[in-house]
Amino acid sequence: MANSAPASVWRNPIHFLAFGLGSGAAPKAPGTFGTLAAVPFFLLMQNLSANQYLMVLIVTSLIGIYLCGKTSKDLGVHDHAGIVWDEFVGFWITMWLAPTGWQYIVLGFVLFRLFDILKPWPISWVDKHVHGGFGIMLDDILAGLMSFVVLQALLHFVF
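The shown structure was predicted, so the numbers you read here are calculated from the model rather than taken from an experiment. (Residues numbered from 1 in each chain as written. Predicted model: local features only at pLDDT ≥ 70, side-chain atom pairs only at ≥ 80, totals over all residues. Heavy atoms only, no water.)

A general tendency of soluble globular proteins is for nonpolar side chains to be buried together. The biggest cluster of nonpolar side chains holds 38 residues, and the ones touching the most others in it are Phe 42, Tyr 53, Phe 91, Trp 92 and Met 95. Those elements that provide at least two residues to this core are α2 (30-45), α3 (50-75), α4 (85-94), α5 (102-118), α6 (123-129) and α7 (132-157). Ranked by residue count, the leading element in this core is α7, at eight residues. (Core = buried A, V, L, I, M, F, W, Y, C linked by side-chain atoms within 4.5 Å. Buried < 20%, exposed > 50% of the residue type's maximum accessible area, 1.4 Å probe, protein only. Helix = DSSP H or I, 4+ residues; strand = E, 2+ residues; numbered from the N terminus.)

Put into structure tokens, the structure is as follows:
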């Protein structure tokens, strides 16, 4: 799906953040580009303690509800494809407690993108029935949680 980013992304700091520092303005696959843009921030966060990382997840999720809701309302759409703050947080949830190493980042990235794109239940239900900033964030939080569980299971049982 082609993405047409509004000019406000580059003028409005709330829209800029909601669009993942502009990564969501990518003309194709904005969610994938948003998830890629989240990786360097994960690298900065990965050495936090589990509790500190969890606090970052809570704070960025709450901020995301506002950012995504305000931007969506300003743009007059339910969930513009370029709003990718939710992808940032979803990826970070996936990577909570992950070991260091590029292979885990790639695995977490692939898992999160799969859950975010395929939207198995209950993600698909939330995506259709929960609206506003909370709804925009919640489906990616669920995708992140599902990806987290699969990643942790793989780490425990396979690797």
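The subject of this paragraph is the packing of α4 against α7. Running from N to C, α4 and α7 cross one another at 20°; their axes reach a closest spacing of 7 Å. The orientation of α4 with respect to α7, classified from their angle, is roughly parallel. In terms of crossing hand, the pair formed by α4 and α7 is right-handed. Mapping the contact onto sequence places Trp 85, Asp 86, Glu 87, Val 89, Gly 90, Ile 93 and Thr 94 in α4 and Ile 136, Met 137, Asp 139, Asp 140, Ile 141, Gly 144, Leu 145, Ser 147, Phe 148 and Leu 151 in α7. For the contact of α4 with α7, the per-class residue count stands at nine nonpolar, four polar and four charged. (Axes fitted to C-alpha atoms, helices over the stretch in contact; angles between N-to-C directions. Parallel < 35°, antiparallel > 145°, perpendicular 65-115°, else oblique. Left-handed = near helix turned anticlockwise from the far one by under 90°. Contact = heavy atoms within 4.5 Å. Nonpolar A, V, L, I, M, F, W, Y, C, P; charged D, E, K, R; others polar.)

Below, the discussion takes up the pattern of salt bridges. Under the criterion given, the structure shown has four salt bridges. Residue Asp 74 pairs with Lys 70 through a salt bridge whose shortest N-O separation is 3.0 Å. With a gap of four residues between them, Asp 74 and Lys 70 both fall in helix α3, about one helical turn apart. The partly exposed category is assigned to Lys 70, whose relative accessible area is 32%. Here Asp 116 ties to Arg 113 by a salt bridge, and the two come within 2.7 Å at their closest N and O atoms. (Salt bridge = Lys/Arg side-chain N within 4 Å of Asp/Glu carboxyl O.)

What follows deals with the packing of aromatic side chains. Evaluated as defined, the whole model comprises 10 aromatic pairs. With centroids separated by 6.5 Å and ring planes inclined at 75°, the aromatic side chains of Phe 42 and Tyr 53 adopt a geometry described as edge-to-face. One end of the pair, Phe 42, is in helix α2; the other, Tyr 53, is in helix α3, and 11 residues separate them in sequence. For the pair Phe 42 and Tyr 53, a shared accessibility class is recorded, and that class is buried. Note on Phe 42 and Phe 91: the rings are 6.0 Å apart at their centroids and 80° apart in plane angle, and the pair reads as edge-to-face. Taken as a pair, Phe 42 in helix α2 and Phe 91 in helix α4 lie far apart in primary sequence, 49 residues in all. Residue Phe 42 is classed as buried on the basis of its relative accessible area of 1%. Judged by relative accessible area, which is 0%, Phe 91 ranks as buried. Among the aromatic residues, those joined into a ring-pair cluster are Phe 41, Trp 85, Phe 88 and Trp 92. (Phe/Tyr/Trp six-rings, centres within 6.5 Å; stacked < 30°, edge-to-face > 60°.)

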